[in-house]
Amino acid sequence: MLHPMPSSTIGVLRPRRFTYPYHYTPHPLCVAAADEVRTYLASQPHLFEAAQEGKMFGVLIVADADDQLHFLAAYSGELAGNNRWPWFVPPVYDLLHPDSYFQEEQRVISGINAEIRLLEHDNKNDNDDGDKAQHIARLKEERKTRSQALQRWLFGQYRMLSAEGNEANLLSIFDEYYTHHSPFNPTGKKSNAATPKLPPSGSGECCAPKLLQAAFASHLRPIAMAEFWIGRPPKDELRIDGHYYPACSGKCRPILGHMLRGLDVEPNPLLQRNLDIARQLRVLYSDSSLAVIDKPSGMLAVPGVDPELPNVYDEVRRRFPNARGPLIVHRLDMDTSGLMVIALDDDTYRHLQQQFIRHTVQKRYVALLESPINHTSQAHHPEGTIALPLCPNPYDRPRQMVSEQYGKRAVTRYEMIDATHVHLWPETGRTHQLRVHCAHPDGLYRPIVGDNLYGTSSDHLCLHADSLAFDHPAENRRMTFHSPAPF
């Protein structure tokens, strides 16, 4: 599983620090290693065909005891029904092994499922059989108990190594993480949401933890890492062949927080880039009730997981120290720039919130789009409406996914201004709605320039809220604001 670096990397300088996994530009060494992965897959028809269905791959550049560089390769989960292909690193725990306790217990649970289905089928024509109904209920309770116990047992088998040489299982890793991290609600107050009892399904199966585990177990020193997508995009997510992606938040952030301890990791580039962003926030209007601001790209609306990142809530509170707020009525994504209205007291907040609920607030965005990915996209239509239901990807926040089953209604009206610019009017307010509707194959199929989540990363996301109109809660007059796009 340890592969030599290609000759094309001779003379390429090593990075001084290890890759910050949640926002990065792939290092040339990683790009060369990724090309080697594609070359290998092309030589293995069964793996190549499976990869074309869509799969995340990863590479890790490592140094051996003699400080010679090599690379490791991984794929997420399974590939062609197998989690152990020779050229790639092994899983942290082989849950597919037929003789494992996990598979044995899975067979027992499958047997219970089969018995329940049989009894329920027989019971359809015998509604008065109370004993049979009670037996079904007991079987379902046994299935629930066994499944929960098996999940806890399984996560206990994933014993993740760290750069410091420490080992911890997923149960303890996620417990520690959620003890110190809690979400923020729209009004800027700490949430009391219950701590998740178990790690998400599939934790420990992504490329990044598999690669680091293999390196630490073999006493190899990590140098740089990158993850990239090969094949068709999944039905409910936005992944593009050849694009590089950061480590997922839901499953990998807690795990990597443990595994990277003791490693010299690059600082968060967002933090470095945004040290002066708070000073760039402009107040366009303010009175005793509200403020209208022009938010720069790279600024959160409310405090996030990283308390050092600048956010509108803290900056407005600093600028209006005597206000009873601020209260965040609506949000813009961190990377989206443009107009926001902020309530400075409770009554204004409730009044503005009702305007958003009644859709009397008018918002318009302007975006700069990438070149068309596919000529069959809607991009050649000068105007139209996109309706794709959205919901959070539970295992890769903050990404959103299109889901007919779980998604909430999301509608965007669009009008092309010229060959690359588009006006967008969101009729609903789902997270990342405009970004997904632009990038998705069933939308415009043209990611917004600079979209590091759904397109190609660059200096900044070219999405700007350029027009905002609402009724002033206290003065009963319509207020309209404009902000020219900086691109």
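Residues numbered from 1 in each chain as written. Predicted model: local features only at pLDDT ≥ 70, side-chain atom pairs only at ≥ 80, totals over all residues. Heavy atoms only, no water.

### Focus: the packing of helix H5 (residues 170–180) against helix H7 (residues 252–259)
Let me state the cut-off plainly: For helices, the axis comes from a line fit to the C-alpha atoms of the stretch in contact; other axes are also lines fit to C-alpha atoms, and the angle between any two N-to-C directions lies between 0 and 180 degrees. Put simply, DSSP H or I for four residues or longer makes a helix, DSSP E for two residues or longer makes a strand, and each gets a number counted from the N terminus. Throughout this description, any angle smaller than 35 degrees is read as roughly parallel, any larger than 145 degrees as roughly antiparallel, any in the 65 to 115 degree range as roughly perpendicular, and the remainder as oblique. Only heavy atoms enter the contact rule, under which two residues are in contact if any of them lie within 4.5 Å.
Where H5 contacts H7, the axes come no closer than 9 Å and their chain directions differ by 100 degrees. Regarding the angle of H5 to H7, the classification is roughly perpendicular. Together, Leu-170, Ile-173, Phe-174 and Tyr-177 of H5 and Arg-253, Pro-254, Ile-255 and His-258 of H7 make up the contact between the two elements.

### A word on the sheet that holds strand S6 (residues 221–230)
Hydrogen bonds between backbone atoms are what pair the strands of a sheet, whose relative direction is either parallel or antiparallel. The criterion, for reference: Following DSSP output, two strands are said to pair if at least two bridges run between them.
In space, the five strands of this open sheet follow the order S1-S3-S2-S6-S7, with antiparallel pairing throughout. Whereas interior strands pair on both sides, the edge strands pair on one side only; in this sheet they are strand S1 (3–4) and strand S7 (244–245). Helix H1 (residues 28–42) contacts strand S2 (55–63), strand S3 (69–75), S6 and S7 of the sheet and is inclined by roughly 125 degrees relative to S2. Where helix H6 (residues 207–217) meets the sheet, it contacts S2, S3 and S6, and its direction lies at approximately 30 degrees from that of S2.

### A short note on the confidence of the model for the protein
Which entries qualify depends on this criterion: pLDDT measures the predictor's confidence residue by residue and takes values from 0 up to 100.
Scored by pLDDT, the protein has a mean of 90; 92% of the residues are at 70 or more. Counting interchain partners and residues more than four positions distant, the pLDDT-below-50 stretch residues 184–195 has 22 contacts.

### Brief notes about the packing of aromatic side chains
Each aromatic ring pair is characterised by the separation of its centres together with the angle its planes make. How we decide: Only Phe, Tyr and Trp rings are paired, with Trp represented by its six-membered ring, and only when their centres lie within 6.5 Å; those with planes under 30 degrees apart are stacked, over 60 edge-to-face, the remainder tilted. For each residue, the accessible area found with a 1.4 Å probe, counting protein chains only, is set against the maximum for its type, and the residue is called buried under 20%, exposed over 50%, and partly exposed in between. Put simply, a charge is over a ring when the Lys NZ or the Arg CZ is close to the ring centre, within 6 Å, and near the line of the ring normal, within 35 degrees.
What the rule picks out here adds up to 17 aromatic pairs. For the pair Tyr-40 and Phe-88, a centre-to-centre distance of 6.0 Å together with 75 degrees between the ring planes defines the contact as edge-to-face. One end of the pair, Tyr-40, is in helix H1; the other, Phe-88, is in the loop between S3 and helix H3 (101–123), and 48 residues separate them in sequence. For the residue pair Tyr-40 and Phe-88, the accessibility class agrees, reading buried in each case. Ring geometry for Tyr-177 and Tyr-178: centres 5.2 Å apart, planes at 85 degrees, overall edge-to-face. For Tyr-177, a relative accessible area of 15% puts it in the buried group. Taken together, the ring pairs connect Tyr-40, Phe-57, Phe-71, Tyr-75, Trp-87, Phe-88, Phe-228 and Tyr-244 into an aromatic cluster. Lys-210 extends its terminal NZ or CZ atom over the ring of Tyr-75, reaching a point 4.7 Å from the ring centre. A cation sits over an aromatic face here: Arg-239 above Tyr-245, 4.8 Å from the ring centre.

### A closer look at helix H10 (residues 312–319)
The line we're drawing: The definition of a polar contact used here is a pair of N or O atoms within 3.5 Å, where within protein one atom must be able to donate a hydrogen and the other to accept one, and adjacent residues in sequence count solely through side-chain atom pairs.
Buried residues of H10: Val-312, Tyr-313, Glu-315 and Val-316, and no others. On its buried face, H10 is in contact with helix H9 (277–280), strand S9 (290–295), strand S10 (327–328) and strand S11 (337–343). Measuring from the side-chain oxygen of the N-cap residue of H10 to the backbone nitrogen of Tyr-313 gives 3.3 Å; that N-cap residue is Asn-311.

### What about the pairing of strand S17 (residues 421–426)?
In the case of a regular strand, side chains alternate between the two sheet surfaces. In terms of burial, S17 is a largely internal element, six of the six residues being buried. Neither face of S17 is exposed, since His-421, His-423 and Trp-425 on one face and Val-422, Leu-424 and Pro-426 on the opposite face are all buried. As paired strands, strand S12 (residues 362–368) and S17 are joined by four bridges and run antiparallel to one another. In the sheet register, Leu-368 faces S17, and the bridge partner there is His-421. Relative to S17, strand S16 (residues 411–416) is paired through five bridges, and the arrangement is antiparallel. What sits directly across from Tyr-414, in S17, is Leu-424. Remark: four residues form the turn of the hairpin made by S16 and S17, two consecutive strands paired antiparallel.

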